[in-house]
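# Chains, contacts and geometry: an overview
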Amino acid sequence: MDSAQRMLQQQSSYRVWGEELVEGAVYTVYLKKVRYNCFCHTTPEEESDDDVSHLQWETLKLRSIKCGTLERLVESLHTEAGEVDHSYISVFFATYRSFSTPRHVLNLIIDRYRFVTKDSNIRQDLREKMRRSLRSILGAWLDGYSEDFNEPPNYTCLHTLCYFAEHELPGRELADKSRQKLNKFIETEKLNFVVSDNSVTIDSFFSCDTSVSLTSWLSFMDIPTEHIAEQLTYIDAVILLSLWCGFSLACS
């Protein structure tokens, strides 16, 4: 995306080569000049103060997705070398809600993991690298944007992630993390509308429910200022609680 492209352009070793059109996506192609040590034997007399004389150069072709289908965007969460593109995933998870849903994206990431696992054309070392990156991406998503998984009362996405992590992923890290997050959401939902003082619900506190007797106040001046403030800002509080943290990023 644009942020990733700007970052690459700021590095002198990268040069824009052009665009590449494939089915379902358009990529910006960069050429990266890489240098590495030449393992040649030299005598002390042949050594030079110029380090470049002992380096060789190679040009690599790198691709950064510019636009594409949702499947291609998910596929680009890791690079062709199996590495995590941190700048790209930050932009993706902050903005994808404007054109998709958490459930759809989660299913696509799981499908991508299964495809990488079964594709015999991928080298074993590259396959493990891609699988490790996809597990890292799921963990980063759960940590950074946990509100995407807070879907009471069914918590469909978290149940899906828990089952996938427990039955198809090695280790217990992501499985335990997703299970703990699910239990936390469930407990929070149970206590969400309960105020510990006198067991008065928040809904009844903000409304004119019989549990909050207004007749006990003889005059307007007897009404506590906190109660008046909460009544005046009730709608604002409802709107604020309905927002998610990346709203401003998605709209910008």
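See above for the structure.
Presented here is a report on the structure given in the accompanying data block. (Residues numbered from 1 in each chain as written. Predicted model: local features only at pLDDT ≥ 70, side-chain atom pairs only at ≥ 80, totals over all residues. Heavy atoms only, no water.)

### Some remarks on the overall build of the protein
A tally of helices and strands in the protein yields 11 helices and 3 strands. Counting the 252 residues in the protein, one finds 30% classified as buried. Of the contacts made within the protein by residues no fewer than 6 positions apart, 56% connect residues no fewer than 24 positions apart. Within the structure as shown, the protein displays about 16,500 Å² of accessible surface, and the carbon and sulfur contribution to it stands at 55%. (Helix = DSSP H or I, 4+ residues; strand = E, 2+ residues; numbered from the N terminus. Buried < 20%, exposed > 50% of the residue type's maximum accessible area, 1.4 Å probe, protein only. Contact = heavy atoms within 4.5 Å. Areas by Shrake-Rupley, 256 points an atom, 1.4 Å probe, with all protein chains shown as cover.)

### A word on the packing of helix 4 (residues 102-118) against helix 6 (residues 156-168)
At their nearest, the axes of helix 4 and helix 6 sit 10 Å apart, and the two run at 15° to each other. Between helix 4 and helix 6, the angle falls in the class roughly parallel. Note that helix 4 runs across helix 6; the crossing there is left-handed. Of the residues in helix 6, those touching helix 4 at Pro102, Arg103, Leu106, Asn107, Ile110, Tyr113 and Arg114 are Thr156, Cys157, Thr160, Leu161, Phe164 and Glu168. Residue composition of the contact of helix 4 with helix 6, by class: 7 nonpolar, 3 polar and 3 charged. (Axes fitted to C-alpha atoms, helices over the stretch in contact; angles between N-to-C directions. Parallel < 35°, antiparallel > 145°, perpendicular 65-115°, else oblique. Left-handed = near helix turned anticlockwise from the far one by under 90°. Nonpolar A, V, L, I, M, F, W, Y, C, P; charged D, E, K, R; others polar.)

### Overview of the environment of Glu151
Along the chain, Glu151 falls in the loop between helix 5 (124-144) and helix 6. Judged by relative accessible area, Glu151 falls into the partly exposed class, the value being 24%. Non-local contacts of Glu151, meaning those with residues more than four positions away in its chain, are made with Thr156 and Cys157.

### Topic: the packing of aromatic side chains
Scanning the model with the defined rule gives 10 aromatic pairs in all. Between Phe92 and Tyr96 the ring centres are 5.7 Å apart and the planes differ by 15°, which places this aromatic pair in the stacked class. Ring-pair connections join several aromatic residues into one group, and the members of that group are Tyr88, Phe92, Phe93, Tyr96, Trp141, Tyr145 and Phe149. Lying across the ring of Tyr27, Arg63 places its NZ or CZ 3.9 Å from the centre. (Phe/Tyr/Trp six-rings, centres within 6.5 Å; stacked < 30°, edge-to-face > 60°. Lys NZ or Arg CZ within 6 Å of the ring centre and 35° of its normal.)

### Observations concerning the nonpolar core
With 38 residues, the main nonpolar core has Phe92, Phe93, Ile109, Trp141 and Phe149 as its most contacted residues. Only strand 2 (25-37), helix 2 (70-75), helix 3 (86-95), helix 4, helix 5, helix 6 and helix 7 (173-191) provide two or more residues apiece to this core. Setting aside chain neighbours within four positions, we find Ile109 in contact with Val74, Leu77, Phe93, Leu134, Leu138 and Trp141. (Core = buried A, V, L, I, M, F, W, Y, C linked by side-chain atoms within 4.5 Å.)

### Thoughts on the packing of helix 4 against helix 5
Contact geometry of helix 4 with helix 5 gives a least axis separation of 9 Å together with a crossing angle of 160°. Judged on the interaxial angle alone, helix 5 and helix 4 are roughly antiparallel. For helix 4 against helix 5, the interelement crossing comes out left-handed. Judged by residue contacts, Pro102, Val105, Leu106, Ile109, Arg112, Tyr113, Val116 and Thr117 of helix 4 engage Arg127, Met130, Arg131, Leu134, Arg135, Leu138 and Trp141 from helix 5. Split by residue class, the contact of helix 4 with helix 5 holds 10 nonpolar, 1 polar and 4 charged.

### Focus: the side chain of Arg97
Note that Arg97 resides in the loop between helix 3 and helix 4. Among the polar contacts listed, one links the side chain of Arg97 to the side chain of Asp148, at a separation of 2.8 Å. (Polar contact = N/O pair within 3.5 Å; in protein donor to acceptor, adjacent residues only side chain to side chain.)

### Focus on helix 4
For helix 4, built from 17 residues, the straight-helix expectation of 24 Å at 1.5 Å per residue is met to within 8% by its first-to-last C-alpha distance of 24 Å. Packed against the buried residues of helix 4 are helix 2, helix 3, helix 5 and helix 6. (Expected span 1.5 Å × (residues − 1).)

### Digging into the pattern of salt bridges
Per the counting criterion, the structure on display carries 12 salt bridges. Glu80 is paired through a salt bridge with Arg63; the nearest N and O atoms lie 2.6 Å apart. In this pair, Glu80 is assigned in the loop between helix 2 and helix 3 and Arg63 in strand 3 (residues 55-68), connecting sequence segments 17 residues apart. On the basis of relative accessibility, which here comes to 51%, the residue Glu80 falls in the exposed class. When salt bridges with common partners are traced through the structure, they connect Glu20, Arg63 and Glu80 into a single cluster. (Salt bridge = Lys/Arg side-chain N within 4 Å of Asp/Glu carboxyl O.)

Function cannot be inferred from these measures alone, as they are strictly geometric.
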